[in-house]
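Architecture and fold: a report
The residues making up each chain are set out below.
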Amino acid sequence: MRSLAKKVLFLYPHSVVQGQMIDLLIQSEFEVATINDHQKAMQLINRFKGSILLVNIEDHLKDDEWEYFIRNVVQGQGHHQTLVGIMVYNSDSALAERYLIDIGVPCGFVQLKLGLMDSTRILIKALMANEAKGDRKYVRVSCPPRKAKMNIKTPGEQINGELLDISSAGFACIMEKQLENGSEFDDMQLSLIGSIMHASGKIMGHRTQEDGKDITVILFNDISRETKGKIYQFIRKTLQAEIDEV
């Protein structure tokens with residue numbers, strides 16, 4: 001049976017999480033976004049069933065209110081299938097035991113004071129144990145209509161197209177001219193909401209939209225660190241926009 005990827009949602013994330021850790025997680029191909037309203041968090045986990053919710057219990061609510069909130073999420077798991085984990089800076093063994101043993105949070109109790117890289121490794125291990133990636137290897141996001149363009153320079157002509165979706169591995173697009181599978185390009189220019197980047201790639205296949213238009217799938221052959229960074233930033237903004245719009 002196919003295992004679907006899970007959204008990883010941070011509720012009231014600490015500053016280090018909202019900055020560097022989310023970037024590291026997206027570069028590790030997790031589907032990450034943040035939430036700054038615990039009431040909205042309940043709406044979101046019911047809408048995006050099977051998510052992972054990571055909660056900063058050191059902000060916004062009192063200790064007993066957080067315990068009540070987390071127990072509600074855990075007890076409602078049969079309905080929303082969302083798994084919950086805890087993130088703190090300062091903790092003691094009694095607090096960790098209460099959440100891990102008494103309440104039974106399945107996604108761990110991460111202490112950020114261990115340092116960014118150590119904390120990220122611990123979190124990634126917890127996410128992998130809970131199959132956050134599912135069977136998916138790369139995070140792919142849809143591109144907003146008419147805001148993501150591409151062009152390919154071939155001998156004697158330039159072929160333009162519109163991107164439909166993109167990942168760090170490649171993209172799907174509608175090109176103004178259909179080219180054969182296996183065609184390779186040394187100079188592709190992509191524009192993602194005005195952010196320009198270059199890469200090389202190869203056509204790996206075609207499929208047909210409901211309206212009959214041909215969709216071309218292109219995988220990157222070679223992609224610079226700078227270009228990959230721009231793609232990950234686009235992915236992060238797109239994932240966050242999906243949550244903010246709810």
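Look above for the structure.
Computed from a predicted model, the values in this text were never measured in an experiment.

Definitions and cut-offs
- Residues numbered from 1 in each chain as written.
- Predicted model: local features only at pLDDT ≥ 70, side-chain atom pairs only at ≥ 80, totals over all residues.
- Heavy atoms only, no water.
- Helix = DSSP H or I, 4+ residues; strand = E, 2+ residues; numbered from the N terminus.
- Buried < 20%, exposed > 50% of the residue type's maximum accessible area, 1.4 Å probe, protein only.
- Contact = heavy atoms within 4.5 Å.
- Areas by Shrake-Rupley, 256 points an atom, 1.4 Å probe, with all protein chains shown as cover.
- Expected span 1.5 Å × (residues − 1).
- Arc of directions from axis to C-beta.
- Pairing = 2+ DSSP bridges.
- Axes fitted to C-alpha atoms, helices over the stretch in contact; angles between N-to-C directions.
- Parallel < 35°, antiparallel > 145°, perpendicular 65-115°, else oblique.
- Nonpolar A, V, L, I, M, F, W, Y, C, P; charged D, E, K, R; others polar.

A tally of helices and strands in the chain yields seven helices and 12 strands. Its C-alpha atoms give the chain principal-axis dimensions of about 70 × 35 × 30 Å. For the chain, the proportion of its 246 residues judged to be buried stands at 47%. Within the chain, counting contacts between residues at least 6 apart in sequence, those at least 24 apart form 63% of the total. Accessible surface, the chain as shown: approximately 12,900 Å² in total, 47% of it carbon and sulfur.

Next up on the list: the environment of I86. Checked against the element boundaries, I86 lands in strand β4 (residues 83-88). Residues I86 and E31, spaced 55 residues apart in sequence, show a C-alpha to C-alpha distance of 18 Å. Excluding its chain neighbours within four sequence positions, the residues that come into contact with I86 are V55, I57, I70, Y99, V105, G108, F109 and V110.

With that settled, the discussion passes to helix α6 (residues 116-129). The terminal C-alpha atoms of α6 lie 20 Å apart, and with 14 residues this matches the ideal 20 Å at 1.5 Å per residue to within 8%. Buried within α6 are the following residues: S119, T120, L123, A126 and L127. Down the axis of α6, the buried side of the element spans an arc of 125°, and every buried residue falls inside it. Exposed residues lying more than 90 degrees from the buried face of α6 are R121, K125 and A129. E131 sits one or two positions beyond α6 and adopts a positive phi of about 55°.

Before going further, it helps to examine the side chain of H14. Structurally, H14 is set in the loop between β1 (7-11) and α1 (15-27). For H14, a relative accessible area of 8% puts it in the buried group. Residues in contact with H14, not counting those within four places in the same chain, are N56, E58, M87, V88, Y89 and L112.

Here strand β7 (residues 148-154) pairs with strand β10 (residues 184-192) via five bridges, running antiparallel. Opposite I152, over in β10, you have M188 as the bridge partner. Counted between consecutive antiparallel strands, the loop separating β10 from strand β11 (residues 195-208) contains two residues, among which I193 sits at a positive phi close to 50°.

On to the pairing of β7, then. Counted residue by residue, β7 has five buried out of seven residues, so it is predominantly covered. As defined by bridge partners, β7 adjoins strand β8 (residues 157-166) across six bridges and the pair is classed as antiparallel. Its bridge partner being in β8, I152 is matched across the sheet by I159. Joining the antiparallel neighbours β7 and β8 is a turn of two residues, in which G156 adopts a positive phi near 90°.

All right, on to the packing of α1 against helix α7 (residues 225-244) then. Following both chains from N to C, one finds α1 and α7 inclined at 110°, their axes separated by 10 Å at the closest point. With respect to each other, α1 and α7 are oriented roughly perpendicular. Contact residues: Q18, G19, I22, D23, I26 and Q27 in α1; Y232, Q233, I235 and R236 in α7. Looking at the contact of α1 with α7, its residues break down into four nonpolar, four polar and two charged.

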